[in-house]
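Each chain, letter by letter, is given below.
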Amino acid sequence: MSSEQHLPFAITVEVRDACLCLHLQRAARAVARRFDAALQPLSLTNGQFSLLMSLNREEAPSIGSVSALLAMDRTTLTANLKPLERRGLVKVSIDDCRQTHAAAEIDPGRTGASRRGCSDIWKQTHAIVEKLLPRANCEELRVDLRVLS
């Protein structure tokens, strides 16, 4: 290996210790696992819960507006809607202008949980996660994360 191709181990350590992307990804995965475990009794993942909450509006939102809110491309969003639609949790429709809309259809008899039950689990888990950050001002953290997104 030539000296031009050699990357000093010190650079690896610097990235490990300082890389915001790495630390945000690791934290996001850990938080996601915590919410996945909490929502597991409802047979929902944290991503599915977020998607269902993003659909909870007065009018069925367009796929474009949901994909913008979740920072997800339309193709990925459509793929994530399909299993929820098969379970009867989401209804996807196309309006007269050929715009696709999706609406949450949580039925307590079908899912074993109401929208309120889902949000109660979220609130409890969210409170636990915030307590794990004793030095953080969580509101400032949310503002800073929104700036990045």
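In short, a report on the structure. (Residues numbered from 1 in each chain as written. Predicted model: local features only at pLDDT ≥ 70, side-chain atom pairs only at ≥ 80, totals over all residues. Heavy atoms only, no water.)

**With respect to the overall build of the chain**
Reasoning step 1: Across its full length, the chain holds 8 helices and 2 strands.
Reasoning step 2: Along the chain, helices (α) and strands (β) appear in the sequence α-α-α-α-α-β-β-α-α-α when read from the amino end.
Reasoning step 3: Taking all 149 residues of the chain together, 23% fall into the buried category.
Reasoning step 4: The long-range share in the chain, meaning contacts at least 24 apart out of those at least 6 apart in sequence, stands at 43%.
Reasoning step 5: Surface summary for the chain: the accessible area is close to 10,600 Å², and the carbon and sulfur share equals 55%. (Helix = DSSP H or I, 4+ residues; strand = E, 2+ residues; numbered from the N terminus. Buried < 20%, exposed > 50% of the residue type's maximum accessible area, 1.4 Å probe, protein only. Contact = heavy atoms within 4.5 Å. Areas by Shrake-Rupley, 256 points an atom, 1.4 Å probe, with all protein chains shown as cover.)

**Overview of the nonpolar core**
Reasoning step 1: Membership of the largest hydrophobic core comes to 18 residues, with the highest contact counts inside it found for Leu44, Leu52, Leu55, Leu81, Leu84 and Val90.
Reasoning step 2: Elements that contribute at least two residues to this core include exactly helix H3 (46-55), helix H4 (63-70), helix H5 (74-86), strand E2 (100-104) and helix H7 (115-131).
Reasoning step 3: The residues touching Leu44, leaving out its near neighbours within four places in the chain, are Asp36, Leu39, Leu52, Leu84, Arg87, Leu89 and Cys118. (Core = buried A, V, L, I, M, F, W, Y, C linked by side-chain atoms within 4.5 Å.)

**Quick word on the pattern of salt bridges**
Reasoning step 1: For the coordinates displayed, the defined rule picks out 3 salt bridges.
Reasoning step 2: We note a salt bridge from Glu130 to Arg142, for which the minimum N-O separation is 2.7 Å. Linking Glu130 in helix H7 with Arg142 in helix H8 (residues 138-148), this pair joins segments that are 12 residues apart in sequence.
Reasoning step 3: When its relative accessible area of 28% is taken as the criterion, Glu130 is described as partly exposed.
Reasoning step 4: Judged by its relative accessible area of 29%, Arg142 falls in the partly exposed class.
Reasoning step 5: With a shortest N-O distance of 3.2 Å, Arg142 and Glu139 are connected by a salt bridge. Of this pair, Arg142 and Glu139 both sit in helix H8, 3 residues apart, roughly one helical turn.
Reasoning step 6: Judged by relative accessible area, which is 42%, Glu139 ranks as partly exposed. (Salt bridge = Lys/Arg side-chain N within 4 Å of Asp/Glu carboxyl O.)

**What to know about the pairing of strand E1 (residues 90-94)**
Reasoning step 1: Across 5 bridges, the pairing between E1 and E2 is antiparallel. Residue pairing in the sheet places Val90 in a bridge with Ala104 of E2.
Reasoning step 2: Following E1, the chain reverses through 5 residues before pairing antiparallel with E2; Arg98 in that reversal takes a positive phi of roughly 65°. (Pairing = 2+ DSSP bridges.)

**Considering the environment of Leu22**
Reasoning step 1: Note on placement: Leu22 falls in helix H2 (residues 20-39).
Reasoning step 2: Discounting chain neighbours no more than four positions away, the residues touching Leu22 are Val15 and Arg16.

**Observations regarding the packing of H3 against H4**
Reasoning step 1: Two elements in contact, H3 and H4, have axes separated by 10 Å at closest approach and are oriented at 130°. Relative to H4, H3 is oriented oblique. Judged by the sense of rotation from one axis to the other, the crossing of H3 with H4 is right-handed. Here H3 contributes Ser50, Leu51, Ser54 and Leu55 to the contact with H4, which in turn contributes Val66, Leu69 and Leu70. (Axes fitted to C-alpha atoms, helices over the stretch in contact; angles between N-to-C directions. Parallel < 35°, antiparallel > 145°, perpendicular 65-115°, else oblique. Left-handed = near helix turned anticlockwise from the far one by under 90°.)

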